[in-house]
Structure formats: structure tokens, C-alpha cells
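Structural description and commentary
If you want the building blocks of each chain, they are given just below.
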Amino acid sequence: LRTALHTHQGLEVWYQPLMDISGQQVVGLEALMRWHHPQRGVISPGEFIPLAEEMGLIIQIGEWVLREACRVSLAWPDISMAINVSPLQFRSAGFVERFKAIVQQEKTLPSRIELEITEGVLIEDEKGAQEIMRALREAGFRIALDDFGTGYSSLNYLSHFSVDKIKIDRSFTQSLGVAENSVAIVESVVKLGHAMGLMVTAEGVETPGQMSALADAGCNQLQGYLFSQAVPADQLAALMISSAPDELHHG
């Protein structure tokens, strides 16, 4: 992993689109790490991210992802770019300053970057986390609370921390049409988000049925294999064209 990071051989940033509720328009991209190991083939982030945290490489990797994503975002000025932030990265000294510096060096704006954090970031040091989030938002970054609903006290966090978006965890999306109370849960999360002035995105959308249930619930954005998996940067242009409204194709 250290060699891959140093040489950038096999380590890449891919991008998964976030769609508007019609499923027709790309409104954002999420930057995701991919590692193609020369011997082992594809290694999932679920395996190598914890390893990177253990080895003390996560800050370096996170900053590299941000830099790559900023460069790619220059080609799509109307689209937000989401970056996942590890709890270790979030709590590292100088985190806010380094992120501000990278965005400035790459000649983009913090307002186009959305930082996705999980509740794990907020649990250990509530006061410290509040200050970091305040500094990030003052710098212009937007903040999304990822995997919403899987933690112990998501509602409590929403009242204490200022975020811009909540992302409903894929486990709730997948249970739509399967588990009895899943629609009620999703609807209540959407209502809660909207009551607090937040954008609500659903992850893990795989079927048209899930998509229409989420639309009925009032979700704002969708993400999942129904629309596209993560793709390398050089495939984004084709993705943008294929997701454009039909009249553009015929025009």
C-alpha cells in the first residue's frame, strides 16, 4: 500500500454519480478509492482503508484523493464533489488548514467540495468536533453526515452539529419493499432532514421500485448501481452525456 501510494501504481480515484430524484441528471460526484493490486487484483476499500489508518497513511491518502478530486471537478463546475473523511484524518492537527490549502492550490472553491463524515467522527470529542466543523463550514466546505441512521443517536447529532446533508444508509434503501416499516423510517428521516433545512440523499439505490419509494418519500438525491457504479475519471464525460435529459440527445 505504501508503494502504491508513492508510485500511484494501481491506486486510483473513481467517481460515482449522485443523481437528482428523476434519476436523469447528475448533480454530484463522490470520489472513491480503488486499488488494483498487481498480484491480488482488486482490493476493496473496506480492507485497505482500515490498514491505511493503522499504518498512519490515511492522512496522506485522504489529501491525495482531495487533490485528484479537485482537479477532476474543474471540468464540471456545476457539480458538487464529495470526499470521504476518515475519523483519524478529521482529528489530525492542521486538518482544516491543509484542506483549505489543497483546494486553493488546485484553483477550485471549498463550496464545491462536500466532506462526508460518519458519526464515528463526532462521538469521541463532541466539543472538538463542533469546532472543526464550524471552521470547515466557515471556510466554505459543505458537510454531509454519511451512513445516517446506523449510529446510536443520529438525532442527537443533528441538533448539535451543523451539517448540510444527511445520507440515508444503504441498509434502509435495500429494505424498502422488504421490511414492513422501512418506508415509514425513510419518510421520517426525510421529514426530519427537511425540517432542519437539510438535503437528503439515499445511498444504495438498485431498483426502480426503491427509486420510486424514495421519490414518494421526498428524498432529494439518489446514488447507487441503478444509475452507475463508480467509474474512472476518463469515463465521466460519457456518463454526463448519457445522464443528460433526452432533448439534449436529440438536439
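Up top you'll find the structure we're talking about.
We now turn to the structure provided with this report. (Residues numbered from 1 in each chain as written. Predicted model: local features only at pLDDT ≥ 70, side-chain atom pairs only at ≥ 80, totals over all residues. Heavy atoms only, no water.)

**Digging into the overall build of the chain**
Going by this rule: A run of DSSP states H or I qualifies as a helix once it reaches four residues; a run of E qualifies as a strand once it reaches two. Both are numbered from the N-terminal end. We compute the radius of gyration over the C-alpha atoms and compare it with the globule rule, which gives 2.2 Å times the number of residues raised to the power 0.38. For every residue, the accessible area (1.4 Å probe, protein chains only) is compared with the maximum for its type, and the residue is labelled buried under 20%, exposed over 50%, or partly exposed between those bounds.
Across its full length, the chain holds 13 helices and 10 strands. Its C-alpha radius of gyration of 18 Å places the chain within 12% of the 18 Å reference for a compact globule of 251 residues. Across its three principal directions, the C-alpha atoms of the chain cover 50 × 45 × 35 Å. When burial is assessed residue by residue, the chain has 47% of its 251 residues classed as buried.

**Quick look at the pairing of strand 2 (residues 26–37)**
Defined as follows: Any two strands between which DSSP finds at least two bridges are classified as paired.
Most of strand 2 is tucked away, with 9 of its 12 residues classed as buried. Two strands pair when backbone bridges link them, and strand 1 (residues 11–20) and strand 2 are joined in this way by 9 bridges, in the antiparallel orientation. Its bridge partner lying in strand 2, L11 is registered against W35. Taking the residues between adjacent antiparallel strands as the criterion, strand 1 and strand 2 are bridged by 5 residues, where G23 takes a positive phi near 75°. Relative to strand 4 (residues 80–84), strand 2 runs parallel, the two being bridged by 4 bridges. The residue of strand 4 that forms the bridge with E30 is A82. Pairing of strand 2 with strand 3 (residues 41–43), which is carried by 3 bridges, proceeds in the antiparallel orientation. In the strand pairing of strand 3, W35 is matched with I43. Here strand 2 folds back onto strand 3, and the loop between the two strands holds 3 residues.

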